[in-house]
Amino acid sequence: MSTTTSAPSRGARAAAGTADYLDQRTGIGTAVKEFARKIFPDHWSFLLGEIALYSFITLLISGVFLTMFFVPSMTEVHYHGPWPALDGVEMSEAFASTLRLSFEVSGGLLMRQIHHWAALIFVASIVTHMMRVFFTGAFRKPREINWLVGFILLILSLAAGFSGYSLPDDVLSGNGLRITDGVVRSIPIIGSYLSYFIFGGEFPGHDIIPRLFTVHILLVPGLILALIALHLFLVVLHKHTQYPGSGRTNANVVGYPLFPIYVAKAGGYFFIVFGIIALMGATMSINPVWNYGPYDPSPVSAGAQPDWYMLFLEGSLRLMPGGGTEFVIGGDNGFTVSLNVLVPAVVVPGVLFMLLALYPFVEAWATGDKREHHVLDRPRNRPFRTAFGSALLMAFFILVLAGSNDLIATHFHLSINDITWVFRILFFVGPWATFVITKRICLALQRKDRELVLHGHETGQIVRFASGEYIEVHKPLDAHERWLRVQHDAVRPLEIEPAEDSRGVRRPGYRKDRLRQRVSRMFYEDRVEPVTPAELESAHAHGGGDHDSLGSVHQEHAQVGASAPAGEPAPTGGGSRLVAPVDETGDDVRKK
Amino acid sequence: MSTPHGHGQDGGHESPDFAGSDLVLREGDATPEKFQNPGFGPHRPRKGDVDPAANKKSERQVVALFAISILGTIGFIAAYFALRPGDTVTSMRNSNLALGLGLAFALLGIGLAAVHWAKTLMNDHEKFEHRHAQRSTDTVRAEAVQALKDGAEDSAIGRRGLLKGALVSSLALFPLTIALPLIGEVGEDWNINKFKRTLWARGKRIVLDPTGQPIRAADITIGSVVHVIPEDLDESEAPLDEKAKAIVLLIRLDPRDIVSEQGEGWSYDGIVAFSKVCTHVGCPVALYEQQTHHLLCPCHQSTFDVADGAKVVFGPASRPLPQLPITVDDEGYLVAQSDFHEPVGPSFWERLR
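Values in this document were obtained by computation on a predicted structure and should not be read as measured data.

Quick word on the domain arrangement of chain A
Residues and elements named next belong to chain A. According to the domain assignment, chain A contains domain 1 (310-452), domain 2 (456-489 + 530-592) and domain 3 (493-526). Its C-alpha centre places domain 1 at a distance of 30 Å from the equivalent point of domain 3. Listed per partner, the contact involves twelve residues of domain 1 and ten residues of domain 3. Here domain 1 packs against domain 3, burying approximately 1,100 Å² in sum over the two surfaces, 66% of which is carbon and sulfur. Summed over the three residues of domain 1 that lose the most area to domain 3, namely Trp365, Ala366 and Phe384, the buried surface amounts to 60% of that side. Between the two partners, domain 1 and domain 3, sit two salt bridges.

Dropping the structure here:
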């Protein structure tokens, strides 16, 4: 192993011996050679997925600790212990063991709080990681399958969180289960039986806690582990995506080697994530179930909030108006369909999640792009995607806020009815407005990029010419600065073949193609294309004289479809005067 | 690779002329369609790369961070033995805080040390690898197809429809051996009609929850609200299941305020009884507003007017809370006239069947 001429030390000899032993039996040398210096790109946003992984490991470690002391049983016992408020109270063994775990096991409360905080961070990091992947287009070919794997992981993380939240069998989580029962019952035809399936008979029954325990510590984490393995395998197989920049292409991956850089950075990052969660567990109280009391079907606490990732469902349930939304089909003794539960608790989240899961496939269809993509998009360069994702997030965010409408009402002394009405309206208006505004911002940022590439940086230097004219000197961008702003492809709407062929016969498949073209136009009709060398050359040729504003006129031509307000004076980046762009709107750009 | 020019230097030498532009154009040729990737930018040295003192300082910082971790672990062990959770809230809190801080320092020390080491002391020159298309080559694909064909040939399955059918059928059927008992047993008796009945019955005494004390009409003052359950609830087979359906709110109104009831003579001297289970998704409806006679569910804010047959006045519920017909028995205690006349709680498919 050692290439030095001096005699190897004892440690080195032992390492060499172990390596030889392993390699003779596993051929591990091939894997080490392949992976030890594997290159990964560096960016802070790539850490979001790592937080998810590390908070999951934290969950496994703290979870194993908790299973040693928690008793998943609904057998009723009377509590006797150090917590005086509940002395002698009848409660399930699950709740009693949670109290014992919190008060009598040294480090037990710490592990419980670490486990709960880690769960909140786990779901939050999955969501933010998914946002990063979405807004940078990392889901594009060849990573569509990995997007779906990640999507399933998101769903599983919600299942893990929900099943764990209910285990202590306290009043809050018990009412959460009761809501679940109500939602399940609203499902047509199978609802009542599904409720019996979950609870082993009527709610609450005697089975739900042991069943949730098995789901929570075996079924869901097993699936999550398997899918994380698949997720990471695919990351290694595809090699990580990278942000655009000098030297980075779709054919390479630029960054640092796994050993030693990422062994240190990623390994260290695990300890940082675990450490911060431990700090939270030490200093921030979470889910103090001893204040809520054991589950009893009668009491309920006002102002109770579920864990954050369930708030959107709660908000959705709260916003739906009830009047006239329950129907009986098939006469007076017919079947009951209660849309006031079905729509907010099943249809709305179903639609939100389906849009999320299917988006990569819809975008690929609308783009007509079959190439592999390894260089990420800057969100501004994909205005539709960025706007759509923001709109989806806004819908989610409004539902989350609606889930806290009672707290908003009590904190700000507002009428809960008014707040609910505002959110009902916002749920429809908010995403739409977000879409429009985000898209405008993206287009504006793209124009700013063009502006910068064509005219360079403002230097603050004013030059006076012999003619008496003043202009500000602009410093052109260097090749690296410019590359970031011109590297992306101009994606244009798909062209389709005409409806009829040369003999006037209507061709099959035209309607489908037309739909595809419509969707494609929705995605890419409004766009600002990157500066081409010809445009820059032209801008410089004009700008070399007394001022650089003529180049700007040229730029406006290239923005057809970007709906720049035609005829309106546009500032030209520090030129000596404003030049109104000539209105030449038309389809000429695409005919090029 | 072009070099960045003019950047970070004194801008005073710039002229409005762009002759110094680094735009790469091919001589005598048409301008290229797109810009070319300029290749890797220059490497910027870190302070530690050029200044040995800074390098040494980083090393000391890394060592210090590892030392903090060791101290954290020692602190944790000390806290474990010195600060037991004890019997008071304060001692529990102190134990949790000390253990947690020890653990946090033990972990953060290692983490920050490793990352600081990587960022300041390890080689920071970017490297690159080539990517390869995911798709297999045509040759490999052809070989894969051939391998499958050969395997299918060896299996002798071709043109044997019955064999194929038997294979598929047996594979499709065998999961029933696991699914059938699972589905059969997992829902207990599957008798969903239990949703429709509660413990309330003719003459069943109304008692306080949780003490089980029977109630006389005179015990309830106008404007007050009482949480009640059927008598002998604890003696039923599944008390929690029964309680989940049978919880009731007794509210005494001024009889003149009562606008409507769900049945003739269902109230007693201004005392009305409504199911406490919300008709939305089943939360206990627990907040009563005396002035407006409104009952509010704290879960999703469905609001019911108890003076008007518990009709929904706001929120996501669509049906009134079912009313329990009540009266008094010979001894003057409040009793139910019958069970509810409709299923309590959230709607379900077979509710009216």
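Quick notes on the sheet that holds strand β4 (residues 252-257) of chain A
Spatially, the three strands line up as an open sheet ordered β1(A)-β4(A)-β1(B), and their pairing is antiparallel. The sheet is open, and its two borders are formed by β1 (39-40) of chain A together with β1 (127-130) of chain B, each paired with just one other strand.

Considerations on the packing of aromatic side chains
Residue and element names in this part refer to chain A. Counted according to the given criterion, the structure contains 37 aromatic pairs over all chains. Relative to Tyr309, the ring of Trp308 lies with its centre 6.1 Å away and its plane at 80 degrees, an arrangement referred to as edge-to-face. Residue Tyr309 is classed as buried on the basis of its relative accessible area, which comes to 3%. A centroid spacing of 5.9 Å and a plane angle of 15 degrees characterise the contact between Phe384 and Phe388, whose relative ring orientation is stacked.

Notes on the nonpolar core
One recurring pattern in soluble globular proteins: nonpolar side chains tend to sit buried together. Residue and element names in this part refer to chain A. In this structure, Ile224 and Leu356 are the most contacted members of the largest nonpolar core, which totals 86 residues. Counting residues per element, this core draws most heavily on helix α5 (residues 108-135), at 13 residues. Not counting residues up to four positions away in its chain, the partners in contact with Leu356 are Met130, Trp147, Phe151, Leu154 and Leu392.

Some points on the sheet that holds strand β5 (residues 271-275) of chain B
All names here are of chain B. Here we have four strands laid out as an open sheet, ordered β2-β3-β4-β5, and antiparallel in their pairing. If you trace the sheet from one side to the other, it starts and ends with β2 (206-208) and β5, each paired once. Each adjacent strand pair in this sheet contributes to an overall mean axis angle of 40 degrees, direction not counted. Here strand β4 (residues 248-252) runs beside β5; their pairing, made up of five bridges, is antiparallel. Along β5, the bridge assignment pairs Leu250 with Ala273.

Section: the state of the cysteines
Residues and elements named next belong to chain B. Scanning the model with the defined rule gives one disulfide over all chains in all. Each sulfur of the disulfide joining Cys283 and Cys299 lies 2.2 Å from the other. Between Cys283 and Cys299, the S-S dihedral sits near -85 degrees, and the bridge is therefore left-handed. Here Cys299 lies in the loop between β7 (294-296) and β8 (303-305) and Cys283 lies in the loop between β5 and β6 (287-289), a separation of 16 residues in the sequence. Residue Cys283 shares its accessibility class with Cys299, and that shared class is buried. Of the cysteine sulfurs around Cys278, a residue in no disulfide, the closest is that of Cys297, at 4.2 Å.

Remarks on the pairing of strand β5 (residues 326-329) of chain A
All names here are of chain A. When β5 meets strand β6 (residues 335-338), the two strands line up antiparallel, connected through four bridges. The residue of β6 that forms the bridge with Val328 is Thr336. Between the end of β5 and the start of β6, which pair antiparallel, lie five residues, with Gly330 showing a positive phi angle near 85 degrees.

Things to note about the environment of A:Leu399
Residues and elements named next belong to chain A. For Leu399, the position within the fold is in helix α14 (residues 383-402). Between the alpha carbons of Leu399 and Met310 there is a distance of 10.0 Å; along the sequence they are 89 residues apart. Beyond its immediate chain neighbours, meaning those up to four positions away, Leu399 contacts Leu311, Phe312, Gly315, Ser316, Leu319, Val348, Leu352 and Phe427.

Notes on the environment of A:Pro82
Here A:Pro82 is to be found in the loop between β2 (76-78) and β3 (90-92). A:Pro82 sits 435 residues away from A:Gln517 along the chain, and the two C-alpha atoms are 70 Å apart. Excluding residues that lie within four positions of it along the chain, A:Pro82 makes contacts with A:Phe103, A:Glu104, B:Asp87 and B:Met92.

Structural notes on the pattern of salt bridges
It is possible for side chains bearing opposite charge to pair when their charged atoms get close. Taken as a whole and assessed by the stated rule, the structure comprises 41 salt bridges over all chains. Measuring nitrogen to oxygen at the nearest pair gives 2.8 Å for the salt bridge that ties A:Asp296 to B:Lys243. Remark: B:Lys243 occurs in helix α7 (residues 239-246) and A:Asp296 occurs in the loop between α11 (289-292) and α12 (311-319); the pair is interchain, linking two chains. Overall, A:Asp296 belongs to the partly exposed group, its relative accessible area being 22%. The buried category is assigned to B:Lys243, whose relative accessible area is 7%.

Considering unusual backbone geometry
Put simply, A:Phe203 and A:Pro204 share a cis peptide bond, and its omega is -10 degrees. Topologically, A:Pro204 is positioned in the loop between α8 (191-199) and α9 (208-238). With omega at 10 degrees, the peptide bond leading from A:Phe259 into A:Pro260 counts as cis. Counting through the fold element by element, A:Pro260 comes out in helix α10 (residues 258-283). A positive phi is found at A:Asn287, a non-glycine position, where the angle reads about 50 degrees. By the element assignment, A:Asn287 lies in the loop between α10 and α11. Its identity as a non-glycine residue notwithstanding, B:Asp232 has a phi of 60 degrees, on the positive side. If you trace the backbone, B:Asp232 turns up in the loop between β3 (225-230) and α7.

Quick look at the interface of chain B and chain A
Interfaces are frequently sized by the accessible area removed from exposure as the parts join. Each partner contributes residues to the interface: chain B has 110 residues there, and chain A has 135 residues. Of the roughly 10,500 Å² buried where chain B meets chain A, counting both sides, 62% is carbon and sulfur surface. Across the chain B-chain A interface, the total number found is five salt bridges. Put simply, B:Lys34 and A:Asp489 hold a salt bridge, and the shortest N to O gap is 3.6 Å. At the boundary of chain B and chain A, one finds 41 residue pairs in polar contact (both at pLDDT 80 or more).

Section: a negative patch on the surface
Taken together, the side chains of A:Glu76, A:Glu90, B:Asp232, B:Asp234 and B:Glu235 make up a negatively charged region of the molecular surface. Residue position: B:Asp234 is located in the loop between β3 and α7.

With respect to the confidence of the model for chain B
Residues and elements named next belong to chain B. With 92% of its residues at a pLDDT of at least 70, chain B reaches an overall mean of 89. Note on residues 1-28: pLDDT under 50 across the span, and 47 contacts to partners over four residues away in sequence or across chains. Scored as a whole, the predicted complex attains pTM 0.90, and scored at its interfaces, ipTM 0.89.

A look at helix α16 (residues 416-455) of chain A
All names here are of chain A. Of all the bends in α16, the greatest measures close to 45 degrees and is centred on Leu426. Two or three places before Asn417, at the start of α16, stands the capping residue Ser415, its side-chain oxygen 3.2 Å from that residue's backbone nitrogen. At the exit of α16 stands Gly456, carrying a positive phi of roughly 75 degrees.

Parameters at a glance
- Residues numbered from 1 in each chain as written.
- Chains lettered and ligands numbered in written order.
- Predicted model: local features only at pLDDT ≥ 70, side-chain atom pairs only at ≥ 80, totals over all residues.
- Heavy atoms only, no water.
- Domains from an automatic or database assignment.
- Contact = heavy atoms within 4.5 Å.
- Buried area = accessible area lost by both parts, 1.4 Å probe.
- Salt bridge = Lys/Arg side-chain N within 4 Å of Asp/Glu carboxyl O.
- Pairing = 2+ DSSP bridges.
- Helix = DSSP H or I, 4+ residues; strand = E, 2+ residues; numbered from the N terminus.
- Phe/Tyr/Trp six-rings, centres within 6.5 Å; stacked < 30°, edge-to-face > 60°.
- Buried < 20%, exposed > 50% of the residue type's maximum accessible area, 1.4 Å probe, protein only.
- Core = buried A, V, L, I, M, F, W, Y, C linked by side-chain atoms within 4.5 Å.
- Axes fitted to C-alpha atoms, helices over the stretch in contact; angles between N-to-C directions.
- Disulfide = S-S within 2.5 Å.
- Polar contact = N/O pair within 3.5 Å; in protein donor to acceptor, adjacent residues only side chain to side chain.
- Patch = residues over 30% accessible without salt bridge, like charges linked within 9 Å, V, L, I, M, F, W, Y side chains within 5 Å.
- Areas by Shrake-Rupley, 256 points an atom, 1.4 Å probe, with all protein chains shown as cover.
- Lys, Arg positive; Asp, Glu negative; His and termini not counted.
- Charge placed at Lys NZ, Arg CZ, Asp CG, Glu CD.
- pLDDT = per-residue confidence, 0-100.
- Bend = angle between axes of the 7 residues up to and from the residue.

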